[in-house]
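What follows is each chain in one-letter form.
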Amino acid sequence: MHSLTPTAVRLIDFYDDGEHARHFTFRLLNTASQTTEVQGDWMKAKTGQFFMLCLPSVGEAPFTFTQLPDQHGNFRALVRKIGRVTSALFELEAGQILGAKGPYGKGWPMDQVCNKRVLVVGGGCGLAPLVGVVNQLIEQKTYTQLMVVYGARNRQAKMLRPERSDWQRHIPVFNMIENGDTEPGENESGGTPVDILPTVLGQFDESPDVVLLAGPQAMMFAVAKYLVASGVTEQSIYLSIERRMHCGVRTCGHCYLKDKYVCSDGPTFRWDDLKRYIPAGS
Amino acid sequence: MQQYVLHSLQQLQAHLSQSRQLYQVVDNHGDAYWQHQAQPPFPVLSQQRPLSSAKSFFFAEQETLYVFDGQFFRETIPKPEPFVLFGVQSCDLMAIHYQDIFFEQDPYYQARRQQALLVGVDCVHPCQNGFCNLVDAGPGVRDNTADLILHPLDDDRWLLIVVTEPGRAALQGLALTPATGHAQNLRSDNLTQCEHEFDDHSYILEGIEKLNRDQAPDAFWQQLAIQCIACSGCTTLCPTCSCYGTQNQAVLQDAPDKPPSQARQVRFWDSCLYEGFQREASLHHPAEQAGERVKRFWYHKFSDDFLPEFGRYGCVGCGRCEQTCPGVIGVHSVMKRIEKDA
Ligand SMILES: Cc1cc2nc3c(=O)[nH]c(=O)nc-3n(C[C@H](O)[C@H](O)[C@H](O)COP(=O)(O)OP(=O)(O)OC[C@H]3O[C@@H](n4cnc5c(N)ncnc54)[C@H](O)[C@@H]3O)c2cc1C
Ligand code: SF4
Ligand code: SF4
Ligand code: FES
């Protein structure tokens, strides 16, 4: 039986990370108050999965892990302030008790990713679900080739600055600033992720074995289409899809994609599968 | 399956109501509604399909899912008394069966469902707008959807069929006469006769086929959707619709300057026809056009894609959507138009 009741978590700390975005650390508290079955096993959470964060009396919203729960029960997420729940979250101080449900959904197919030529493309806040993958591959040195493309609308919208500059010491990171307002010394170019793809593909010894995409749907679809036109197979492209969510366990109906549910059949999908669920042109 | 002849429905109603709350459909100035029946005399079984299905007995229209006391989150699973739904028609029983599969892992639904005894009743005449015969939901009660089945024989007598173990146990202490083969044959004759009485609804089958071949273009749905005023009548009355929203609320405010010390989450019936149903916080909207939402509703009811999970379509042929839709886009109108225009 699913539990629809959150586990108590404490807000440990946070720091600003780009305009209207903060990186938060939460800690799982004693779950003894749970009356029926627990939710999923937090310690078995996978990168690319998500959790529902609950602000009592305000609301719940889904967020991906940028760091999976460690042995102390600490986990992290990057949150962009956009509506009711996120605005209320930004008002909180460390120490507050909140709720979390999860982990939910299918993560990235790590067995397809390790020891391969990997291209990672993230747009805006959409780089968040990819942070865990990139960190893991770099820490464990489990890649043949790894490159990251990051796209932001403008200078203020850039996120995950510490992560990206850390990665840059190990792998090529291409930062794209859509309005062309690049900063000196930041390895940035003007344009969108699609604009840099010819250069990036040129730097791979062979066509990438796996591509991981997350960000605005229009950006992901444009990148996927370009890659397929350039010879990357549809089966090697994975995307993380966003939908409105209320339950996380395929009963509320909000996150449907044809007969699939993003909360449990996704949020990561393979491009050839996803194309069957989302009508052309959207 | 044991089969008995009942000489008095009152006797069965009284017996079942001793150990459970009894609910039955009652005619009320042209409409029929589910009502709690506390004591004899119990009403006769209504021939009418109730306006609302039995959905809300298990999937509450609104309920609290958990409360927060400042430290801990506590779930609020209901603990209902045992109850019996007496005289559920076969389409609505099939809808319960469908929801049982959908909400298999939902503790709130299941807490209620496990306390329910389902007494089904066969329909011997088609109801208005009903087409249960086309979608394998009626007019006779299916063996896997009820605990007990009633079938009207002649002279106020009823055939009582025991389907499940809880159904058998519920009859203990009741003196019953085993049914003859004649009574059983009468049931199958009556049901066959009833099937013949249905109007020709073959346009529904053709509509389903076209829908599954994706022959209704987006423009068709967009045109149709002009008539949808998003009142949610169809999704509220449809016995298989199950979408819900959630809302977190403050329950208690200690002092005006302090944050609330207690909060709860409620869930409530939602509708995929509402414009905001899928709108995301980023303002991306995957079903922005009303046509996309109407299309998805009918796709959810009739697409072959759902067959592996449920073994049937999501529509049980009750006709309530046709009865209620102010925009005339209930199942008959939509299927006629798909068959004709798409
Ligand atoms: C799997 C997944 C992972 C995610 N991961 C992250 C992440 O790591 N970081 C991150 O920042 N974001 C992430 N998101 C997005 C995040 O969940 C949303 O930004 C979040 O839900 C915002 O919540 P909110 O309450 O602040 O906004 P809301 O107040 O819900 O959003 C405001 C907007 O939502 C719509 N809306 C809300 N309620 C209603 C209503 N009742 N009726 C109609 N419209 C309504 C409106 O368009 C409104 O303008 C993720 C989303 C998914 C699905
Ligand atoms: S779609 Fe209409 S006819 Fe079918 S089950 Fe729902 S309300 Fe009844
Ligand atoms: S009953 Fe008709 S008008 Fe109302 S939401 Fe359903 S389709 Fe739209
Ligand atoms: S979030 Fe409720 S069905 Fe997916």
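Residues numbered from 1 in each chain as written. Chains lettered and ligands numbered in written order. Predicted model: local features only at pLDDT ≥ 70, side-chain atom pairs only at ≥ 80, totals over all residues. Heavy atoms only, no water.

Draft legend 1. Broad picture of the overall build of chain A. Along its length, chain A carries 8 helices and 15 strands. The C-alpha atoms of chain A give 18 Å as radius of gyration, which agrees with the globular expectation for 282 residues (19 Å, within 12%). Its C-alpha atoms give chain A principal-axis dimensions of roughly 55 × 40 × 35 Å. Sorting the 282 residues of chain A into buried and exposed places 58% on the buried side. Approximately 11,100 Å² of chain A is accessible, and the part contributed by carbon and sulfur atoms is 47%. Averaging the positions of the 29 positive and the 29 negative side-chain charges in chain A gives two centres separated by 4 Å. (Helix = DSSP H or I, 4+ residues; strand = E, 2+ residues; numbered from the N terminus. Rg over C-alpha atoms; globule rule 2.2 N^0.38 Å. Buried < 20%, exposed > 50% of the residue type's maximum accessible area, 1.4 Å probe, protein only. Areas by Shrake-Rupley, 256 points an atom, 1.4 Å probe, with all protein chains shown as cover. Lys, Arg positive; Asp, Glu negative; His and termini not counted. Charge placed at Lys NZ, Arg CZ, Asp CG, Glu CD.)

Draft legend 2. Representation of the pattern of salt bridges. Summed over all chains, the structure comprises 32 salt bridges over all chains. The residue Arg22 of chain A makes a salt bridge to Asp16 of chain A at a minimum N-O spacing of 2.8 Å. The salt bridge involving Asp214 of chain B is made with Lys295 of chain B; its shortest N-O contact spans 3.7 Å. Residue Asp214 of chain B is located in the loop between helix 7 (202-212) and helix 8 (218-225), and its partner Lys295 of chain B is located in helix 10 (residues 290-302); the two are separated by 81 residues in the primary sequence. (Salt bridge = Lys/Arg side-chain N within 4 Å of Asp/Glu carboxyl O.)

Draft legend 3. Fine view of the sheet that holds strand 4 (residues 62-68) of chain B. Residues and elements named next belong to chain B. The strand order across the open sheet built from 4 strands is 5-4-12-11, with neighbouring strands paired in antiparallel fashion. Both outer strands of the open sheet, strand 5 (73-75) and strand 11 (244-252), are each paired with one neighbouring strand and no more. This sheet shows a mean twist of 30° between the axes of neighbouring strands, independent of strand direction. In this sheet, strand 12 (residues 262-269) lies alongside strand 4 in antiparallel orientation, the contact comprising 6 bridges. Counterpart to Glu63 in the pairing with strand 12 is Arg267. (Pairing = 2+ DSSP bridges. Axes fitted to C-alpha atoms, helices over the stretch in contact; angles between N-to-C directions.)

Draft legend 4. Molecular detail of the interface of chain A and chain B. Listed per partner, the contact involves 41 residues of chain A and 46 residues of chain B. Taken together, the links from chain A to chain B amount to 1 salt bridge. Two residues, Arg243 of chain A and Glu280 of chain B, come together in a salt bridge whose shortest N-O distance is 3.5 Å. Between chain A and chain B we count 15 residue pairs in polar contact (both at pLDDT 80 or more) in total. Secondary structure elements with two or more residues in the side of chain A that touches chain B: strand 1 (7-16), strand 3 (50-55), strand 4 (59-64) and strand 6 (97-104) of chain A. When residues of the side of chain A that touches chain B are assigned to their parent elements, the largest contribution, 4 residues, is made by strand 6 of chain A. In terms of residue class, the side of chain A that touches chain B is built from 16 nonpolar, 16 polar and 9 charged. (Contact = heavy atoms within 4.5 Å. Polar contact = N/O pair within 3.5 Å; in protein donor to acceptor, adjacent residues only side chain to side chain. Nonpolar A, V, L, I, M, F, W, Y, C, P; charged D, E, K, R; others polar.)

Draft legend 5. Examining the packing of helix 7 of chain B against helix 10 of chain B more closely. All names here are of chain B. Relative to each other, helix 7 and helix 10 sit at 110°, their axes nearing to 10 Å. Considering their axes alone, helix 7 and helix 10 lie roughly perpendicular with respect to each other. For the pair formed by helix 7 and helix 10, the contact residues are Ile208, Leu211 and Asn212 on the first element and Trp298, Tyr299 and Phe302 on the second. Here the contact of helix 7 with helix 10 is composed, by residue class, of 5 nonpolar, 1 polar and no charged. (Parallel < 35°, antiparallel > 145°, perpendicular 65-115°, else oblique.)

Draft legend 6. Up close: the site of ligand 2. In the vicinity of ligand 2, the residues found are Phe131, Cys238, Pro239, Lys301, Cys315, Val316, Gly317, Cys318, Gly319, Arg320, Cys321 and Val331 of chain B. The class makeup of the residues in the shell around ligand 2 is 8 nonpolar, 2 polar and 2 charged. (Near = heavy atom within 4 Å.)

Draft legend 7. Geometry of unusual backbone geometry. The linkage connecting Gly266 of chain A with the following residue, Pro267 of chain A, adopts the cis geometry, with an omega of 5°. Topologically, Pro267 of chain A is positioned in the loop between helix 7 (262-265) and strand 15 (268-270). The step from Gly138 of chain B to Pro139 of chain B runs through a cis peptide bond, and the omega angle for that step is 5°. By the element assignment, Pro139 of chain B lies in the loop between strand 7 (116-121) and strand 8 (148-152). Positive phi values are uncommon outside glycine, yet Lys258 of chain A reaches one of about 50°. Here Lys258 of chain A shows up in the loop between strand 13 (256-257) and strand 14 (260-261). Judged by its relative accessible area of 33%, Lys258 of chain A is partly exposed. We note that Asp136 of chain B has phi near 55°; this positive angle belongs to a residue other than glycine.

Draft legend 8. Structural detail: the site of ligand 3. All names here are of chain B. Near ligand 3, the surroundings consist of Cys228, Ile229, Ala230, Cys231, Ser232, Gly233, Cys234, Leu273, Cys325 and Ile329. Put simply, ligand 3 lies in the largest cavity. Across the shell around ligand 3, the residue classes break down as 8 nonpolar, 2 polar and no charged. (1 Å grid on protein atoms, 1.4 Å probe; cavity = no way out; pocket = protein on both sides within 12 Å on 5 of 7 lines; lining within 4 Å. Sits in = over half its atoms within 2 Å of the grid points.)

Draft legend 9. Representation of the sheet that holds strand 5 (residues 74-80) of chain A within the structure. Residues and elements named next belong to chain A. Strand order in this open sheet of 6 strands is 4-3-6-1-2-5, and the pairing throughout is antiparallel. This sheet does not close on itself; its edge strands, each paired only once, are strand 4 and strand 5. Adjacent strand axes in the sheet meet at a mean angle of 40°, parallel and antiparallel pairs treated alike. In this structure, strand 1 lies alongside strand 2 (residues 21-28), joined through 7 bridges in antiparallel fashion.

Draft legend 10. Inspection of the environment of Gln262 of chain B at higher detail. Residue and element names in this part refer to chain B. Position of Gln262 relative to the elements: it lies in strand 12. Of the residues examined, Gln262 reaches a relative accessible area of 31% and is grouped as partly exposed. Along the sequence, Gln262 and Phe73 sit 189 residues apart, while their C-alpha atoms lie 9.8 Å from each other. Ignoring sequence-local partners within four residues, the contact set of Gln262 consists of Phe68, Asp69, Gln249, Ala250, Val251 and Leu252.

Draft legend 11. Just the layout of surface pockets, in detail. By volume, the second largest pocket amounts to about 880 Å³. Around the second largest pocket sit 36 residues that line it, and Lys258 and Pro279 of chain A together with Asp218, Glu292 and Lys295 of chain B are the ones nearest its centre. Of all the secondary structure elements, the ones that give two or more residues to the lining of the second largest pocket are strand 13 and helix 8 (271-277) of chain A together with helix 7, helix 8 and helix 10 of chain B. Taken together, the residues of the lining of the second largest pocket break down into 14 nonpolar, 10 polar and 12 charged. (Points joined across faces, edges and corners; volume = space filled by probe spheres on them.)

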